[in-house]
Amino acid sequence: MEGAGENSRCIKPFFWKKGLDPKEGKRPPLVPNKKEVDGEMEITWDVPVTMRDGVKVYVDVFRPLGATGKLPIIFTFSPYGKHGPKTFDIFPGADVPKDWVSKYAVWESIDPVVWTKMGYAVINGDSRGTLPWSNGKVGMIGVSYLAIVQWGIASTNPPHLAAFCPWEGFTDFYRDYTHHGGIPETKFLHFTVWSCRCGVNDVEDLIANNKAHPLDDDYHHEKCSYLRLSKIKAPAYIVADWGDHGMHTRRTLNGYMGISSKDKWLDVHGRKKWRVFFEKESLAKQDAFFKKYLKGEPSEIDNFPKVRLEIRDRAYVGETRFENEWPLARTKYTKAFLDATSGLLVDQAPGDLTTLSYESTVQDDCLHFFYNFTKETELTGNMRLRLWVSTDQAKDMDLFVQLDKIDKEGKVTPFVGFSMVDDAPLGLGWLRVSHRELDNARTTVDRPFHKHERELLLRPNEIVPVDIEILPTSTLFHSGEKLRLKVQGNYSFRHKTPDVVQFHENSVNAGKHTVYAGGFYESYLVIPVID
């Protein structure tokens, strides 16, 4: 943190810091319009493009060798630099073979070698408008940040944006990235700062800004495209996965729900997002989508289902099903009540009040509740956990919730998650209790929407109701299997690569947490049962 000021939209305080000289980040010397040929691809490095406000940027252009006609453009907007240091080597377990991606691909974007062979031009950089050899139609595609920015760009309806493909990108900076349930994220934000540290001038100090803005204020609003989703009209092919907890899953699905595009598709899988992005089946879908909207040619996209879901059984085991909408209209939202006496989730609310407690600062001291399945049952959608809670010492509470599938032998069923691991939980949820105030206009039976506009602190032993959103999932349970609900005061799933996933280490917890169930204090889990 080098100093407080404001940004171009007068957000205060706003902290900047000196960027790392791109030369230190191994950025090659700037030589405008330098040409190169590699195989069947013609490359022009650092093409100067003057934007509408007069600022000149430099983009890299990849075209099919010898192309003479007008070409459709696939455009990538990236914060990592066109020659950035990130590769899959720093993400153990991503399972993307090295020969799948050439050296020309920007991190989390398409490979120009592949796409130029299919008749597209690929532009990496920051550009507005079109170039002389363009057919006037631009498409966008990319994973994570390269998907996040697509929502914002599409909401302005640029005249040349013909279609976009956000491949797993959140739309809510506060709720899905920096403050899960109001609890500050403390690990991945630092990794993001490292990834985006280069610049000839100042760069944003994300760490300082998020400390200065603990509530969902204007600083976060200007980064939240969910507030502008309804303005989007361009055709969209949207992809999410069930295991990107605390990052992209929830708000990618919200993006699909919120946009006004007449032509839109949703594809949700249960695998590792980067590997899936580069698989041949995915490449064919991406090409079919852009072939129609960028080239104006007939393609298989017209035969695609509007919604495609993988119904998971366990890691790498599941069935694909086609649907007409999301969320599923036939969902039966069912309450499973916490019974503190038996430790079960039951169909009828217990008549008598009982309580259970755990030490909030002791790692993995927690409460367990189990729901027993007596027949094959599918749960697809969001879940909402209502708890009545208190703390004996602190003015606030951090609650961490985890769902697991328990097989007939009593073992935890593993799922794919976080793009890198094969032993992730079924679902996660978080809440800082002082952030429990709901936006009733946006809250539904399965999805609490918290305002995060003020802190409602607690008195010792004050009993309050809280609603915790458990992120969307799709899971098949067989007779004899169980759903386990776990509640505790610290992060329940600790990743084996801690520097590149989300953690919450600045806890407000102290002393004992108590959960109340039965009688007036109905605590329950809303589960999305699919008939």
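Being a predicted model, the structure only gives us computed values, none of them experimental.

## Comments concerning the pairing of strand β7 (residues 121-124)
- Burial along β7 is two-sided: Ala121 and Ile123 facing one way and Val122 and Asn124 facing the other are all buried.
- Bridging between strand β5 (residues 56-64) and β7 involves 3 bridges; their strand directions are antiparallel. Across the sheet, the residue bridging to Phe62 is Val122, located in β7.
- As paired strands, strand β6 (residues 71-76) and β7 are joined by 4 bridges and run parallel to one another. Residue Ile74 lies in a different strand from β7, and its bridge partner there is Val122.

## Points about the pattern of salt bridges
- One pass over the full model with this rule turns up 31 salt bridges.
- Arg321 is the partner of Glu378 in a salt bridge, and the nearest nitrogen-oxygen pair spans 2.8 Å. Highlighted residues: Glu378 in strand β21 (residues 377-391) and Arg321 in strand β16 (residues 317-323), separated in sequence by 57 residues.
- Of the residues examined, Glu378 reaches a relative accessible area of 11% and is grouped as buried.
- With relative accessibility at 24%, the residue Arg321 sits in the partly exposed group.
- Shared partners join several salt bridges into a network, and the residues in it are Asp172, Arg175, Asp176, Asp216, Arg250, Arg251, Arg447 and Glu469.

## Side note on helix α9 (residues 280-293)
- Compared with an ideal rise of 1.5 Å per residue, which puts 14 residues at 20 Å, α9 spans 20 Å between its outermost C-alpha atoms and is within 8% of the ideal.
- Every buried residue of α9 is accounted for by Ser282, Lys285, Gln286, Asp287, Ala288, Phe289, Phe290 and Tyr293.

## Section: helix α2 (residues 145-154)
- Of all 10 residues making up α2, 7 are buried, and the element is well covered by its neighbours.
- Within α2, burial applies to Leu146, Ala147, Ile148, Val149, Gln150, Trp151 and Ala154.
- For α2, the elements touching its buried residues are β6, β8 (134-143), β9 (161-167), β13 (236-241) and α7 (249-258).

## Quick look at the side chain of Gln150
- If you trace the backbone, Gln150 turns up in helix α2.
- What makes Gln150 buried here is its relative accessible area of 0%.

## Section: the pairing of strand β22 (residues 398-406)
- In terms of burial, β22 is a largely internal element, 9 of the 9 residues being buried.
- The two faces of β22 match: Asp398, Phe400, Gln402, Asp404 and Ile406 on one face and Leu399, Val401, Leu403 and Lys405 on the other face are all buried.
- Sheet topology places β22 next to strand β25 (residues 427-432); 6 bridges connect them, and they run antiparallel. Looking across to β25, one finds that Asp398 is bridged to Arg432.

## Observations regarding the environment of Arg308
- Turning to its location among the elements, Arg308 is positioned in strand β15 (residues 307-314).
- In sequence terms Arg308 and Thr320 are 12 residues apart; their C-alpha atoms lie 6.9 Å from each other.
- Look past the residues within four positions of Arg308 in its chain and what remains in contact with it is Leu266, Asp267, Val268, Glu281, Lys285, Thr320, Arg321 and Phe322.
- Polar contacts involving the side chain of Arg308 include one to the side chain of Asp267, which spans 3.2 Å.

## A few points about the nonpolar core
- Core analysis: the largest hydrophobic core is formed by 101 residues, its most contacted members being Phe164, Trp274, Phe289 and Phe290.
- Looking at which element gives the most residues to this core, the answer is β9, with 6 residues.
- Setting aside residues up to four positions removed in sequence, Phe164 forms contacts with Met140, Gln150, Trp151, Ala154, Ile232, Ala234, Pro235, Ala236, Tyr237 and Phe289.

## Points about the environment of Thr475
- With respect to the helices, strands and loops of the structure, Thr475 is situated in strand β26 (residues 464-477).
- Here the alpha-carbon distance between Thr475 and Thr377, two residues 98 residues apart in the chain, equals 8.5 Å.
- Beyond its immediate sequence surroundings of up to four residues, Thr475 is in contact with Arg312, Thr377, Glu378, Leu379, Thr380, Lys405, Phe415 and Leu426.
- A polar atom in the side chain of Thr475 sits 3.2 Å from the side chain of Thr473.

## Quick word on unusual backbone geometry
- In the segment running from Lys12 into Pro13, the intervening peptide bond is cis, with an omega of -15 degrees.
- Mapping Pro13 onto the fold places it in the loop between β1 (3-5) and β2 (14-18).
- In this structure, Pro327 follows Trp326 across a cis peptide bond, with omega equal to -5 degrees.
- Of note in the backbone geometry, Tyr316 takes a positive phi value of approximately 65 degrees without being a glycine.
- With a relative accessible area of 38%, Tyr316 lands in the partly exposed category.
- In this structure, His452 is a non-glycine residue whose phi angle is positive, near 55 degrees.
- Relative to the helices and strands, His452 is located in the loop between β25 and β26.

## Notes on the packing of aromatic side chains
- On inspection of all chains with the given rule, the structure shows 39 aromatic pairs.
- Ring geometry for Trp115 versus Phe290: centroids 6.0 Å apart, planes at 75 degrees, classification edge-to-face. With Trp115 in helix α1 (residues 112-117) and Phe290 in helix α9, the pair connects residues that are 175 residues apart, well separated along the chain.
- Phe290 sits in the buried class, given a relative accessible area of 0%.
- Taken together, a centroid distance of 5.9 Å and an interplanar angle of 40 degrees make the contact between Tyr237 and Phe289 tilted. Of the two residues, Tyr237 sits in strand β13 while Phe289 sits in helix α9, which places them 52 residues apart along the sequence.
- For Tyr237, a relative accessible area of 3% corresponds to the buried category.
- Geometry around Trp265 places Lys306 over its ring, the cationic atom sitting 4.1 Å from the centre.

Rules behind the numbers
- Within any chain, residue numbers begin from 1 and follow the written order of that chain's sequence.
- Totals for whole chains, interfaces and linings use all residues, but because this is a predicted model, local features are given only for residues with pLDDT of at least 70 and pairs of side-chain atoms are given and counted only at 80 or more.
- Note that water and hydrogens are dropped before the side-chain values are worked out from all heavy atoms of the structure.
- Per-residue accessibility, obtained with a 1.4 Å probe over protein chains only, is compared with the maximum for each type, and a residue is labelled buried under 20%, exposed over 50%, and partly exposed between these values.
- Only DSSP runs of H or I covering at least 4 residues are called helices, and only runs of E covering at least 2 are called strands; the numbering of each starts at the N terminus.
- Note on pairing: two strands pair once DSSP finds at least 2 bridges between them.
- Any Lys or Arg side-chain nitrogen found within 4 Å of a carboxyl oxygen on Asp or Glu counts as a salt bridge.
- A helix's residues, less one, multiplied by 1.5 Å, set its expected span.
- Here, residues are in contact when the closest pair of their heavy atoms is within 4.5 Å.
- Think of a polar contact as two N or O atoms within 3.5 Å of one another; within protein, one of them needs to be a possible hydrogen donor and the other a possible acceptor, and neighboring residues in sequence only count if both atoms come from side chains.
- The nonpolar core is taken to be a set of buried Ala, Val, Leu, Ile, Met, Phe, Trp, Tyr and Cys residues, with the residues joined through side-chain atoms within 4.5 Å.
- Stacked, edge-to-face and tilted are the three classes for Phe, Tyr and Trp ring pairs, Trp counted by its six-membered ring, which pair at centre distances within 6.5 Å; planes under 30 degrees apart are stacked, over 60 edge-to-face, the rest tilted.
- Our definition puts a charge over a ring when NZ of Lys or CZ of Arg is within 6 Å of the ring centre and also within 35 degrees of the ring normal.

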